[in-house]
Amino acid sequence: MAGVVLKNLTKSFDKVTAVNSINLEIHDKEFMVLVGPSGCGKTTALRMIAGLEESTSGEILIGDRIVNDVSPKDRDIAMVFQNYALYPHMSVFDNMCFGLRLKRTATGNVWPFNAKRAFTEQEISRRVNEAADMLGLKPLLLRKPKELSGGQRQRVALGRAIVREPKVFLMDEPLSNLDAKLRVQTRAELIKLHRRLRITTVYVTHDQVEAMTMGDRIAVMSNGIIQQCDKPLTLYNHPNNLFVAGFIGSPAMNLLPVTLVREGTDLIADAGSFRVTLPASHAEKLSDYVNKTLTFGIRPEDIYDRRLPGLVASTAGNTVPMEVDVIEPLGSDVEMYLKTGELLLVAMIDSSSLAQVGDKLEVILDMSKSHLFDPQTEQALC
Ligand SMILES: Nc1ncnc2c1ncn2[C@@H]1O[C@H](COP(=O)(O)OP(=O)(O)OP(=O)(O)O)[C@@H](O)[C@H]1O
Ligand SMILES: [Mg+2]
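Residues numbered from 1 in each chain as written. Chains lettered and ligands numbered in written order. Predicted model: local features only at pLDDT ≥ 70, side-chain atom pairs only at ≥ 80, totals over all residues.

Points about the pairing of strand S16 (residues 293–298)
We apply this condition: DSSP bridges decide pairing: two strands pair if at least two such bridges lie between them. Each helix is a run of H or I in the DSSP string that is no shorter than four residues. Each strand is a run of E no shorter than two, and both are numbered from the N terminus.
Across six bridges, strand S13 (residues 254–263) lies against S16 in antiparallel orientation. Its bridge partner being in S16, Pro-257 is matched across the sheet by Thr-295. Pairing of S16 with strand S22 (residues 371–373) involves three bridges; the strand directions are antiparallel. Considered in S22, the bridge of Gly-297 is made with His-371.

Written out as C-alpha coordinates, the structure is:
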(Lines give C-alpha, C1' and ligand atoms only; values in the text may rest on other atoms or scores of the structure.)
(Ligands and ions follow the chains in the order given, each with its own letter.)
Protein backbone atom coordinates (compact mmCIF):
# COMPACT_ATOMS: atom_id res chain seq x y z
CA MET A 1 0.00 0.00 0.00
CA ALA A 2 1.21 3.48 -0.80
CA GLY A 3 0.19 7.06 -1.29
CA VAL A 4 1.19 9.14 -4.30
CA VAL A 5 2.70 12.60 -4.10
CA LEU A 6 3.12 15.02 -7.00
CA LYS A 7 5.50 17.91 -6.36
CA ASN A 8 5.55 20.85 -8.77
CA LEU A 9 4.89 18.38 -11.57
CA THR A 10 5.04 19.91 -15.04
CA LYS A 11 4.75 18.52 -18.54
CA SER A 12 5.33 20.71 -21.57
CA PHE A 13 4.91 19.53 -25.12
CA ASP A 14 6.28 21.79 -27.88
CA LYS A 15 3.89 24.67 -27.51
CA VAL A 16 1.52 23.40 -24.83
CA THR A 17 2.02 23.19 -21.09
CA ALA A 18 -0.32 20.27 -20.47
CA VAL A 19 0.36 20.07 -16.72
CA ASN A 20 1.57 23.20 -15.00
CA SER A 21 3.39 22.70 -11.71
CA ILE A 22 0.75 20.71 -9.88
CA ASN A 23 1.04 19.68 -6.25
CA LEU A 24 -1.13 16.86 -5.02
CA GLU A 25 -0.95 14.45 -2.12
CA ILE A 26 -2.98 11.30 -2.64
CA HIS A 27 -3.24 9.43 0.63
CA ASP A 28 -2.70 5.73 1.06
CA LYS A 29 -5.99 3.86 0.32
CA GLU A 30 -7.64 7.01 -0.99
CA PHE A 31 -9.87 7.19 -4.09
CA MET A 32 -8.78 10.44 -5.74
CA VAL A 33 -10.63 11.73 -8.78
CA LEU A 34 -9.00 14.09 -11.28
CA VAL A 35 -11.80 15.92 -13.06
CA GLY A 36 -11.86 18.75 -15.57
CA PRO A 37 -12.83 19.66 -19.12
CA SER A 38 -11.29 18.09 -22.20
CA GLY A 39 -7.64 19.04 -22.70
CA CYS A 40 -7.03 20.22 -19.11
CA GLY A 41 -4.18 17.74 -18.56
CA LYS A 42 -5.80 14.83 -16.70
CA THR A 43 -4.48 12.02 -18.91
CA THR A 44 -1.04 13.60 -19.07
CA ALA A 45 -0.89 13.77 -15.26
CA LEU A 46 -1.98 10.13 -14.97
CA ARG A 47 0.49 8.96 -17.63
CA MET A 48 3.31 10.69 -15.75
CA ILE A 49 2.36 8.80 -12.57
CA ALA A 50 2.33 5.59 -14.61
CA GLY A 51 5.70 6.39 -16.13
CA LEU A 52 4.33 6.36 -19.67
CA GLU A 53 5.12 10.05 -20.06
CA GLU A 54 8.32 11.67 -18.85
CA SER A 55 7.81 14.79 -16.75
CA THR A 56 9.44 18.05 -17.80
CA SER A 57 10.10 18.97 -14.17
CA GLY A 58 8.92 18.11 -10.69
CA GLU A 59 8.80 14.95 -8.64
CA ILE A 60 6.54 11.90 -8.36
CA LEU A 61 6.61 9.76 -5.24
CA ILE A 62 4.87 6.41 -4.85
CA GLY A 63 5.07 5.43 -1.21
CA ASP A 64 8.25 7.14 -0.06
CA ARG A 65 10.17 6.38 -3.25
CA ILE A 66 10.84 8.99 -5.92
CA VAL A 67 9.87 7.18 -9.12
CA ASN A 68 10.76 9.70 -11.84
CA ASP A 69 13.47 7.39 -13.13
CA VAL A 70 11.75 4.09 -12.33
CA SER A 71 10.35 2.24 -15.36
CA PRO A 72 6.54 1.77 -15.54
CA LYS A 73 6.67 -1.97 -14.81
CA ASP A 74 8.61 -1.38 -11.62
CA ARG A 75 6.32 1.29 -10.22
CA ASP A 76 3.87 -1.21 -8.74
CA ILE A 77 0.91 0.37 -10.49
CA ALA A 78 -1.84 -1.04 -12.69
CA MET A 79 -3.61 1.08 -15.25
CA VAL A 80 -7.13 0.72 -16.66
CA PHE A 81 -7.79 2.58 -19.89
CA GLN A 82 -10.93 3.81 -21.59
CA ASN A 83 -10.58 1.29 -24.43
CA TYR A 84 -10.08 -1.94 -22.53
CA ALA A 85 -7.48 -3.25 -25.00
CA LEU A 86 -8.25 -6.94 -24.44
CA TYR A 87 -6.59 -9.56 -26.64
CA PRO A 88 -9.41 -10.75 -28.92
CA HIS A 89 -8.06 -14.26 -29.49
CA MET A 90 -7.58 -15.02 -25.79
CA SER A 91 -10.13 -16.21 -23.25
CA VAL A 92 -11.16 -14.06 -20.30
CA PHE A 93 -8.91 -16.15 -18.06
CA ASP A 94 -5.90 -15.70 -20.34
CA ASN A 95 -6.56 -12.00 -20.75
CA MET A 96 -6.67 -11.56 -16.99
CA CYS A 97 -3.45 -13.39 -16.28
CA PHE A 98 -1.49 -12.24 -19.34
CA GLY A 99 0.67 -9.84 -17.31
CA LEU A 100 1.38 -12.47 -14.66
CA ARG A 101 2.51 -15.05 -17.23
CA LEU A 102 5.20 -12.83 -18.68
CA LYS A 103 8.54 -14.32 -17.90
CA ARG A 104 11.04 -12.36 -15.93
CA THR A 105 14.81 -12.52 -15.75
CA ALA A 106 16.62 -12.41 -12.45
CA THR A 107 16.92 -8.63 -12.77
CA GLY A 108 13.16 -8.29 -13.18
CA ASN A 109 13.20 -7.53 -16.90
CA VAL A 110 10.54 -9.12 -19.05
CA TRP A 111 12.22 -11.52 -21.45
CA PRO A 112 10.72 -14.50 -23.23
CA PHE A 113 13.81 -16.71 -23.30
CA ASN A 114 15.98 -18.19 -20.58
CA ALA A 115 13.84 -16.59 -17.96
CA LYS A 116 11.68 -17.77 -15.13
CA ARG A 117 8.01 -17.11 -14.72
CA ALA A 118 7.35 -14.55 -12.03
CA PHE A 119 4.38 -16.55 -10.71
CA THR A 120 3.50 -20.23 -10.50
CA GLU A 121 0.39 -21.51 -12.34
CA GLN A 122 -1.14 -22.16 -8.92
CA GLU A 123 -0.62 -18.57 -7.83
CA ILE A 124 -1.93 -17.25 -11.16
CA SER A 125 -5.03 -19.42 -10.88
CA ARG A 126 -5.65 -18.27 -7.31
CA ARG A 127 -5.41 -14.59 -8.24
CA VAL A 128 -7.58 -14.88 -11.37
CA ASN A 129 -10.25 -16.89 -9.60
CA GLU A 130 -10.35 -14.49 -6.68
CA ALA A 131 -10.69 -11.45 -8.99
CA ALA A 132 -13.25 -13.24 -11.17
CA ASP A 133 -15.28 -14.03 -8.08
CA MET A 134 -15.19 -10.42 -6.96
CA LEU A 135 -16.24 -9.15 -10.38
CA GLY A 136 -18.85 -11.79 -11.17
CA LEU A 137 -16.76 -13.14 -14.07
CA LYS A 138 -16.49 -16.76 -12.90
CA PRO A 139 -19.01 -18.13 -15.46
CA LEU A 140 -17.29 -16.21 -18.29
CA LEU A 141 -13.67 -17.24 -17.81
CA LEU A 142 -13.55 -19.39 -20.95
CA ARG A 143 -15.25 -16.91 -23.27
CA LYS A 144 -13.50 -14.65 -25.78
CA PRO A 145 -13.95 -10.85 -25.50
CA LYS A 146 -16.26 -10.75 -28.54
CA GLU A 147 -18.70 -12.98 -26.63
CA LEU A 148 -19.01 -10.42 -23.83
CA SER A 149 -21.08 -7.27 -23.34
CA GLY A 150 -19.33 -3.90 -22.98
CA GLY A 151 -19.77 -3.95 -19.22
CA GLN A 152 -18.36 -7.47 -18.95
CA ARG A 153 -15.34 -6.48 -21.05
CA GLN A 154 -14.77 -3.53 -18.77
CA ARG A 155 -14.80 -5.86 -15.78
CA VAL A 156 -12.22 -8.10 -17.45
CA ALA A 157 -9.99 -5.06 -17.92
CA LEU A 158 -10.44 -4.28 -14.24
CA GLY A 159 -9.76 -7.89 -13.34
CA ARG A 160 -6.52 -7.79 -15.29
CA ALA A 161 -5.46 -4.81 -13.16
CA ILE A 162 -6.59 -6.42 -9.89
CA VAL A 163 -4.67 -9.68 -10.35
CA ARG A 164 -1.45 -7.72 -10.38
CA GLU A 165 -2.16 -6.69 -6.78
CA PRO A 166 -0.61 -3.29 -7.39
CA LYS A 167 0.04 -0.59 -4.83
CA VAL A 168 -1.81 1.97 -6.95
CA PHE A 169 -4.62 1.79 -9.52
CA LEU A 170 -4.60 4.41 -12.26
CA MET A 171 -7.84 4.65 -14.22
CA ASP A 172 -8.42 6.88 -17.23
CA GLU A 173 -12.14 7.30 -18.00
CA PRO A 174 -12.68 3.55 -17.62
CA LEU A 175 -16.48 3.80 -17.86
CA SER A 176 -16.91 6.16 -20.78
CA ASN A 177 -17.48 3.39 -23.33
CA LEU A 178 -20.48 2.08 -21.41
CA ASP A 179 -24.09 3.16 -21.90
CA ALA A 180 -25.65 5.40 -19.25
CA LYS A 181 -27.29 2.67 -17.19
CA LEU A 182 -24.30 0.38 -17.20
CA ARG A 183 -22.05 3.29 -16.32
CA VAL A 184 -24.04 3.99 -13.15
CA GLN A 185 -24.04 0.30 -12.26
CA THR A 186 -20.32 -0.18 -12.89
CA ARG A 187 -19.60 3.02 -10.97
CA ALA A 188 -21.28 1.49 -7.91
CA GLU A 189 -19.34 -1.75 -8.42
CA LEU A 190 -16.06 0.12 -8.59
CA ILE A 191 -16.84 1.96 -5.35
CA LYS A 192 -17.64 -1.34 -3.62
CA LEU A 193 -14.48 -2.86 -5.00
CA HIS A 194 -12.42 0.01 -3.66
CA ARG A 195 -14.03 -0.34 -0.22
CA ARG A 196 -13.04 -3.97 -0.26
CA LEU A 197 -9.51 -3.76 -1.65
CA ARG A 198 -8.58 -0.32 -0.31
CA ILE A 199 -5.97 0.17 -3.03
CA THR A 200 -4.92 3.78 -3.58
CA THR A 201 -6.68 4.87 -6.78
CA VAL A 202 -6.30 7.84 -9.10
CA TYR A 203 -9.36 8.02 -11.32
CA VAL A 204 -9.64 10.40 -14.27
CA THR A 205 -12.98 11.58 -15.63
CA HIS A 206 -14.46 14.66 -17.26
CA ASP A 207 -17.85 13.81 -15.75
CA GLN A 208 -18.45 15.81 -12.59
CA VAL A 209 -21.30 13.52 -11.47
CA GLU A 210 -18.92 10.57 -11.61
CA ALA A 211 -16.38 12.61 -9.67
CA MET A 212 -18.90 13.62 -7.00
CA THR A 213 -20.23 10.10 -6.47
CA MET A 214 -16.92 8.23 -6.51
CA GLY A 215 -14.19 10.41 -5.05
CA ASP A 216 -13.03 10.43 -1.44
CA ARG A 217 -11.54 13.68 -2.69
CA ILE A 218 -11.66 15.42 -6.04
CA ALA A 219 -8.97 17.51 -7.71
CA VAL A 220 -10.62 19.90 -10.17
CA MET A 221 -8.27 20.78 -13.04
CA SER A 222 -8.36 23.36 -15.78
CA ASN A 223 -5.59 24.53 -18.10
CA GLY A 224 -3.05 22.21 -16.52
CA ILE A 225 -3.63 23.63 -13.04
CA ILE A 226 -5.38 22.14 -10.00
CA GLN A 227 -8.03 24.70 -9.16
CA GLN A 228 -9.17 23.06 -5.92
CA CYS A 229 -8.78 19.71 -4.23
CA ASP A 230 -11.20 18.69 -1.52
CA LYS A 231 -14.00 16.37 -0.45
CA PRO A 232 -16.96 16.34 -2.88
CA LEU A 233 -19.37 18.24 -0.63
CA THR A 234 -16.77 20.82 0.33
CA LEU A 235 -16.22 21.56 -3.36
CA TYR A 236 -19.95 21.77 -3.89
CA ASN A 237 -20.70 23.97 -0.89
CA HIS A 238 -17.54 26.06 -0.82
CA PRO A 239 -16.03 26.41 -4.30
CA ASN A 240 -12.82 28.44 -4.12
CA ASN A 241 -13.31 30.21 -7.40
CA LEU A 242 -15.61 30.80 -10.36
CA PHE A 243 -14.24 27.86 -12.35
CA VAL A 244 -14.99 25.30 -9.64
CA ALA A 245 -18.36 26.93 -8.89
CA GLY A 246 -19.40 26.59 -12.53
CA PHE A 247 -17.91 23.13 -13.08
CA ILE A 248 -19.20 21.23 -10.04
CA GLY A 249 -22.99 20.83 -9.91
CA SER A 250 -25.55 20.07 -12.59
CA PRO A 251 -27.31 22.12 -13.82
CA ALA A 252 -24.51 24.62 -13.21
CA MET A 253 -24.65 27.37 -10.60
CA ASN A 254 -26.35 30.58 -11.80
CA LEU A 255 -23.71 33.31 -11.99
CA LEU A 256 -24.65 36.94 -12.59
CA PRO A 257 -23.21 40.40 -11.99
CA VAL A 258 -24.57 42.38 -9.03
CA THR A 259 -23.74 45.67 -7.37
CA LEU A 260 -23.41 45.65 -3.59
CA VAL A 261 -25.45 48.38 -1.92
CA ARG A 262 -25.54 49.25 1.78
CA GLU A 263 -29.04 50.02 3.12
CA GLY A 264 -29.03 50.70 6.86
CA THR A 265 -27.47 47.62 8.41
CA ASP A 266 -28.29 45.46 5.38
CA LEU A 267 -26.08 44.66 2.43
CA ILE A 268 -28.09 44.27 -0.77
CA ALA A 269 -27.05 42.46 -3.96
CA ASP A 270 -28.64 44.50 -6.75
CA ALA A 271 -28.89 42.56 -10.02
CA GLY A 272 -30.81 45.33 -11.81
CA SER A 273 -34.07 43.50 -12.31
CA PHE A 274 -34.12 42.15 -8.75
CA ARG A 275 -32.58 42.85 -5.35
CA VAL A 276 -31.84 40.41 -2.55
CA THR A 277 -30.47 40.89 0.97
CA LEU A 278 -27.24 39.12 1.88
CA PRO A 279 -27.11 37.24 5.19
CA ALA A 280 -25.19 38.95 8.01
CA SER A 281 -22.40 36.35 7.83
CA HIS A 282 -21.77 37.34 4.18
CA ALA A 283 -22.08 41.07 4.88
CA GLU A 284 -19.23 40.94 7.39
CA LYS A 285 -16.84 39.65 4.72
CA LEU A 286 -17.92 42.09 2.04
CA SER A 287 -17.62 45.51 3.66
CA ASP A 288 -14.74 46.45 1.32
CA TYR A 289 -16.86 45.76 -1.74
CA VAL A 290 -19.78 48.16 -1.13
CA ASN A 291 -20.79 49.92 -4.40
CA LYS A 292 -18.60 47.51 -6.38
CA THR A 293 -19.67 44.93 -8.94
CA LEU A 294 -19.31 41.29 -7.89
CA THR A 295 -20.43 37.96 -9.35
CA PHE A 296 -23.38 36.51 -7.47
CA GLY A 297 -23.89 32.74 -7.49
CA ILE A 298 -26.92 30.66 -6.56
CA ARG A 299 -27.42 26.97 -7.34
CA PRO A 300 -30.61 25.90 -9.17
CA GLU A 301 -31.50 23.63 -6.25
CA ASP A 302 -31.38 26.58 -3.81
CA ILE A 303 -34.29 28.32 -5.55
CA TYR A 304 -37.82 27.46 -4.39
CA ASP A 305 -41.39 28.08 -5.53
CA ARG A 306 -42.87 30.28 -2.80
CA ARG A 307 -46.24 28.53 -2.96
CA LEU A 308 -44.80 25.18 -1.90
CA PRO A 309 -44.07 24.31 1.72
CA GLY A 310 -40.32 24.53 2.23
CA LEU A 311 -37.51 24.97 4.67
CA VAL A 312 -36.77 28.58 3.75
CA ALA A 313 -39.27 31.22 4.85
CA SER A 314 -40.11 33.97 2.40
CA THR A 315 -38.92 37.48 3.33
CA ALA A 316 -38.79 40.75 1.44
CA GLY A 317 -35.03 40.19 1.07
CA ASN A 318 -35.08 36.72 -0.53
CA THR A 319 -38.24 36.60 -2.67
CA VAL A 320 -38.19 37.56 -6.33
CA PRO A 321 -40.98 37.71 -8.92
CA MET A 322 -40.03 35.85 -12.10
CA GLU A 323 -41.69 34.61 -15.25
CA VAL A 324 -41.48 30.97 -16.30
CA ASP A 325 -39.69 30.87 -19.66
CA VAL A 326 -38.99 27.17 -20.29
CA ILE A 327 -39.93 24.01 -18.42
CA GLU A 328 -38.04 20.70 -18.58
CA PRO A 329 -39.74 18.04 -16.44
CA LEU A 330 -37.26 15.52 -15.00
CA GLY A 331 -39.67 13.48 -12.89
CA SER A 332 -39.42 14.44 -9.24
CA ASP A 333 -38.10 17.91 -10.14
CA VAL A 334 -38.66 20.35 -12.95
CA GLU A 335 -35.78 22.29 -14.46
CA MET A 336 -37.23 25.77 -14.92
CA TYR A 337 -35.75 28.71 -16.78
CA LEU A 338 -36.99 31.84 -15.03
CA LYS A 339 -36.85 35.29 -16.53
CA THR A 340 -36.69 38.68 -14.90
CA GLY A 341 -35.84 41.63 -17.13
CA GLU A 342 -32.81 40.56 -19.15
CA LEU A 343 -31.76 37.91 -16.64
CA LEU A 344 -32.39 34.20 -16.93
CA LEU A 345 -31.99 31.89 -13.93
CA VAL A 346 -32.18 28.11 -13.90
CA ALA A 347 -34.06 26.57 -10.98
CA MET A 348 -34.73 22.98 -9.90
CA ILE A 349 -38.26 23.19 -8.58
CA ASP A 350 -40.24 20.35 -7.01
CA SER A 351 -42.58 19.03 -9.69
CA SER A 352 -45.62 19.57 -7.42
CA SER A 353 -45.20 23.25 -8.37
CA LEU A 354 -47.32 22.77 -11.53
CA ALA A 355 -46.17 26.17 -12.85
CA GLN A 356 -46.60 26.58 -16.62
CA VAL A 357 -44.65 28.48 -19.23
CA GLY A 358 -45.65 32.15 -19.10
CA ASP A 359 -46.80 31.98 -15.44
CA LYS A 360 -45.67 34.66 -13.01
CA LEU A 361 -43.93 32.92 -10.13
CA GLU A 362 -42.49 34.21 -6.89
CA VAL A 363 -39.34 32.30 -6.03
CA ILE A 364 -37.34 32.21 -2.81
CA LEU A 365 -33.56 32.27 -3.06
CA ASP A 366 -31.91 30.50 -0.12
CA MET A 367 -29.52 33.36 0.57
CA SER A 368 -27.57 31.37 3.17
CA LYS A 369 -26.41 29.23 0.21
CA SER A 370 -25.53 32.17 -2.05
CA HIS A 371 -21.94 32.79 -3.21
CA LEU A 372 -20.05 35.94 -4.14
CA PHE A 373 -16.95 36.11 -6.29
CA ASP A 374 -14.52 38.87 -7.20
CA PRO A 375 -14.96 39.16 -11.01
CA GLN A 376 -11.32 40.27 -11.48
CA THR A 377 -9.50 37.59 -9.46
CA GLU A 378 -12.38 35.06 -9.88
CA GLN A 379 -11.80 34.05 -6.24
CA ALA A 380 -14.69 33.31 -3.89
CA LEU A 381 -15.34 35.96 -1.25
CA CYS A 382 -18.08 33.99 0.52
N1 LIG B 1 1.80 13.93 -27.14
C2 LIG B 1 1.35 15.19 -27.14
N3 LIG B 1 1.92 16.14 -27.92
C4 LIG B 1 1.49 17.43 -27.88
N5 LIG B 1 0.47 17.87 -27.12
C6 LIG B 1 -0.14 16.96 -26.34
C7 LIG B 1 0.24 15.59 -26.30
N8 LIG B 1 -0.55 14.93 -25.42
C9 LIG B 1 -1.41 15.86 -24.93
N10 LIG B 1 -1.17 17.07 -25.48
C11 LIG B 1 -1.88 18.33 -25.17
O12 LIG B 1 -1.85 18.51 -23.76
C13 LIG B 1 -3.09 19.01 -23.29
C14 LIG B 1 -3.63 18.07 -22.23
O15 LIG B 1 -3.97 16.84 -22.82
P16 LIG B 1 -4.59 15.62 -22.00
O17 LIG B 1 -4.72 14.47 -22.91
O18 LIG B 1 -3.80 15.44 -20.75
O19 LIG B 1 -6.03 16.20 -21.62
P20 LIG B 1 -7.25 15.50 -20.89
O21 LIG B 1 -7.58 16.37 -19.71
O22 LIG B 1 -6.94 14.08 -20.61
O23 LIG B 1 -8.42 15.65 -21.95
P24 LIG B 1 -9.62 14.63 -22.36
O25 LIG B 1 -10.71 14.82 -21.33
O26 LIG B 1 -10.04 15.14 -23.70
O27 LIG B 1 -9.06 13.24 -22.40
C28 LIG B 1 -3.97 19.17 -24.51
O29 LIG B 1 -3.91 20.50 -24.93
C30 LIG B 1 -3.35 18.25 -25.52
O31 LIG B 1 -3.59 18.69 -26.83
MG1 LIG C 1 -7.78 12.27 -21.31
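Let us keep going from here.
Some remarks on the pairing of strand S10 (residues 200–205)
The side chains of a regular strand alternate between both faces of the sheet. The line we're drawing: Note on burial: count the other C-beta atoms lying within 10 Å of the residue's C-beta; 20 or more is buried, 12 or fewer is exposed, in between is partly exposed, and C-beta positions come from the backbone. For a crossover, the right-handed case is the one in which the path from the first strand over the helix to the second runs clockwise, viewed with the strands pointing away from the viewer.
Among the six residues that make up S10, six are buried, leaving the element largely enclosed by the rest of the structure. Side chains of S10 alternate between two faces, with Thr-200, Val-202 and Val-204 and Thr-201, Tyr-203 and Thr-205 buried alike. Note: strand S3 (residues 31–35) against S10, five bridges, orientation parallel. Counted as the bridge partner of Met-32 is Val-202 from S10. Pairing geometry for strand S9 (residues 168–172) and S10, over five bridges, is parallel. Bridge pairing in S10 places Leu-170 opposite Val-202. This β-α-β element, S9 to helix H5 (residues 180–197) to S10, shows right-handed connectivity.

Looking at helix H1 (residues 42–50)
Counting buried positions along H1 gives eight out of nine residues, so the element sits mostly inside the fold. Of the positions making up H1, those classed as buried are Lys-42, Thr-43, Thr-44, Ala-45, Leu-46, Arg-47, Met-48 and Ile-49. Following H1 by one or two positions, Gly-51 has its phi on the positive side, about 90 degrees.

Let's talk about helix H2 (residues 92–101)
Here is the rule we go by: Whether two residues are in contact is decided by their C-beta atoms, placed from the backbone, lying within 7 Å.
Of all the residues in H2, the buried ones are Val-92, Phe-93, Asn-95, Met-96, Cys-97 and Leu-100. The elements touched by buried residues of H2 are helix H3 (121–135) and helix H4 (150–162).

Quick notes on the packing of H3 against H4
For clarity, the threshold we go by: Helix axes use the C-alpha atoms of the stretch in contact, all axes being lines fitted to C-alpha atoms, and the angles between their N-to-C directions lie in the range 0 to 180 degrees. When an angle is under 35 degrees it counts as roughly parallel; over 145 it counts as roughly antiparallel; between 65 and 115 it counts as roughly perpendicular; any other value is oblique. Whether a crossing is left-handed or right-handed is set by the direction in which the near helix is turned from the far one by less than a right angle, anticlockwise for left-handed and clockwise for right-handed. Following the grouping adopted for this structure description, the nonpolar residues are Ala, Val, Leu, Ile, Met, Phe, Trp, Tyr, Cys and Pro, the charged ones are Asp, Glu, Lys and Arg, and the polar ones are all others, Gly among them.
Running from N to C, H3 and H4 point in directions that differ by 140 degrees, and their axes come no closer than 9 Å. Taken together, the axis directions place H3 and H4 in an arrangement best described as oblique. The two elements H3 and H4 cross, and the hand of that crossing is right-handed. Of H4, the residues touching H3 (which contributes Ala-131, Ala-132 and Leu-135) are Arg-155, Leu-158, Gly-159 and Ile-162. Split into classes, the residues belonging to the contact of H3 with H4 amount to five nonpolar, one polar and one charged.

Examining the sheet that holds strand S2 (residues 17–26)
Across the sheet, which stays open at both edges, the four strands sit in the order S2-S1-S4-S5 with antiparallel pairing between neighbours. Because the sheet does not close on itself, it has two edges, and the strands there are S2 and strand S5 (65–66). Both strand S4 (residues 57–62) and S5 contribute to a ladder of two bridges, which runs antiparallel. Residue pairing across strands places Leu-61 opposite Ile-66, the latter belonging to S5.

As for unusual backbone geometry
Cis peptide bonds are those with omega within 30 degrees of zero, and the linkage from Ser-250 to Pro-251 qualifies with -5 degrees. Relative to the helices and strands, Pro-251 is located in the loop between helix H8 (242–247) and S13. Positive phi values are uncommon outside glycine, yet Lys-29 reaches one of about 75 degrees. The residue Glu-173 is not glycine, and still its phi comes out positive at about 45 degrees. Within the secondary structure, Glu-173 is located in the loop between S9 and H5. Classification of Glu-173 by C-beta neighbours within 10 Å gives partly exposed; the count is 19.

What about the environment of Leu-142?
Relative to the helices and strands, Leu-142 is located in the loop between H3 and H4. By C-beta crowding, Leu-142 is classed as exposed, having 10 other C-beta atoms within 10 Å. When the C-alpha atoms of Leu-142 and Asp-94 are compared, they prove to be 8.5 Å apart, with 48 residues separating the residues in sequence. Ignoring sequence-local partners within four residues, the contact set of Leu-142 consists of Ser-91 and Phe-93.

With respect to the nonpolar core
Under the convention used in this document: Only buried residues count toward a nonpolar core: Ala, Val, Leu, Ile, Met, Phe, Trp, Tyr and Cys, linked into one set through C-beta atoms within 7 Å.
Residues Leu-34, Val-168, Leu-170, Val-202, Val-220, Ala-347 and Val-363 are the most contacted members of the largest nonpolar core, which totals 95 residues. Beyond its immediate sequence surroundings of up to four residues, Val-202 is in contact with Val-4, Ile-26, Met-32, Leu-34, Leu-46, Ile-49, Val-168 and Leu-170.

Overview of the site of ligand 1
The test is simple: Using a C-beta atom placed from the backbone for every residue, we mark a residue as near a molecule or strand if that atom lies within 6 Å of it.
Near ligand 1 the following residues occur: Phe-13, Val-16, Ala-18, Gly-36, Ser-38, Gly-39, Cys-40, Gly-41, Lys-42, Thr-43, Thr-44 and His-206. The leading source of residues in the shell around ligand 1 is H1, at three residues. Residues that form the shell around ligand 1 fall into these classes: four nonpolar, seven polar and one charged.

Thoughts on the packing of H2 against H3
The description of two packed helices rests on the angle between their axes and on the distance between the axes. Between H2 and H3, the shortest axis-to-axis distance is 10 Å and the interhelical angle comes to 135 degrees. Classified by the angle their axes make, H2 and H3 are oblique. For H2 against H3, the interelement crossing comes out right-handed. Of the residues in H3, those in contact with Phe-93, Met-96, Cys-97, Leu-100 and Arg-101 of H2 are Ile-124, Arg-127, Val-128 and Ala-131.

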